[in-house]
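Residue-level structural notes
So you can see what is in the structure, the chains are spelled out below.
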Amino acid sequence: FQSAATDLVPGVPTGITQAYSRNLTTGVVELVSRTTAGAPADAAVGPPSVSADGRYVVFQTFAANLQTGVGYLYARDTVAGTTTALPGSSSRQADEPAISGDGQWVFFNNGYTGYVVERSTGTVTTANLPFSVLATSRFNHDGTSLAVFVEDGSAYRLYVWDRRTTTSAQARLT
């Protein structure tokens, strides 16, 4: 989740929205938008997306202190305690990230084009989706399918993109 509250964890700057995770078993809240050394992001953070087991969290920010060189999308490995910029996101305005359940695949868009990053290899693929403005997206567990709601004029439409074939089709809802 994201919040501008300063009383969730110590040392968070006032007025900057950060990304957090909360362990539902222990109730412990952890700052996710931070450097590998532990410093909070020095710029606001967009809505995070979390893998099914909670290990990986991706988020968008213009923070300059998270890694050498500025990226727009970052992945936090909550087990290893590392934060890394996602390949392909530094040269594009990266919005609305969605991570697959297994944490391997991340989708983001720059308003008119969708991209998929394989985290383990850094490979970036263009997701051929017929949209003008992305509304929201979600991966299935293993990242083979991506559901994307898009704004098409005055209506929202649901498309499904297949990572294996790199094709998309409008879903038929009945």
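Further up the page is the structure itself.
The following paragraphs examine the structure supplied in this document. (Residues numbered from 1 in each chain as written. Predicted model: local features only at pLDDT ≥ 70, side-chain atom pairs only at ≥ 80, totals over all residues. Heavy atoms only, no water.)

1. Looking at the overall build of the protein
- For the protein, the helix and strand inventory stands at zero helices and 15 strands.
- Out of the 174 residues in the protein, the part that is buried amounts to 41%.
- Sequence separation of at least 24 residues holds for 31% of the intrachain contacts in the protein that already meet a minimum separation of 6.
- Carbon together with sulfur atoms contributes 51% to the accessible area of the protein, which is approximately 8,500 Å² in total. (Helix = DSSP H or I, 4+ residues; strand = E, 2+ residues; numbered from the N terminus. Buried < 20%, exposed > 50% of the residue type's maximum accessible area, 1.4 Å probe, protein only. Contact = heavy atoms within 4.5 Å. Areas by Shrake-Rupley, 256 points an atom, 1.4 Å probe, with all protein chains shown as cover.)

2. Some remarks on the sheet that holds strand β6 (residues 73–77)
- Pairing is antiparallel across the open sheet formed by four strands, whose spatial order is β4-β5-β6-β7. Whereas interior strands pair on both sides, the edge strands pair on one side only; in this sheet they are β4 (49–50) and β7 (82–85).
- Two strands pair when backbone bridges link them, and strand β5 (residues 56–60) and β6 are joined in this way by five bridges, in the antiparallel orientation. Paired with V57 across the bridge in β6 is R76. (Pairing = 2+ DSSP bridges.)

3. What about the pattern of salt bridges?
- By the definition in use, this model includes three salt bridges.
- When the shortest N-O distance is used, the salt bridge between D77 and R55 registers 2.9 Å. Separated by 22 residues along the polypeptide, D77 in strand β6 and R55 in the loop between β4 and β5 bring together distant segments of the chain.
- Since its relative accessible area comes to 9%, D77 is described here as buried.
- You can call R55 partly exposed: its relative accessible area is 29%.
- One salt bridge connects D162 with R164, and the closest N-O pair in it is separated by 3.5 Å. (Salt bridge = Lys/Arg side-chain N within 4 Å of Asp/Glu carboxyl O.)

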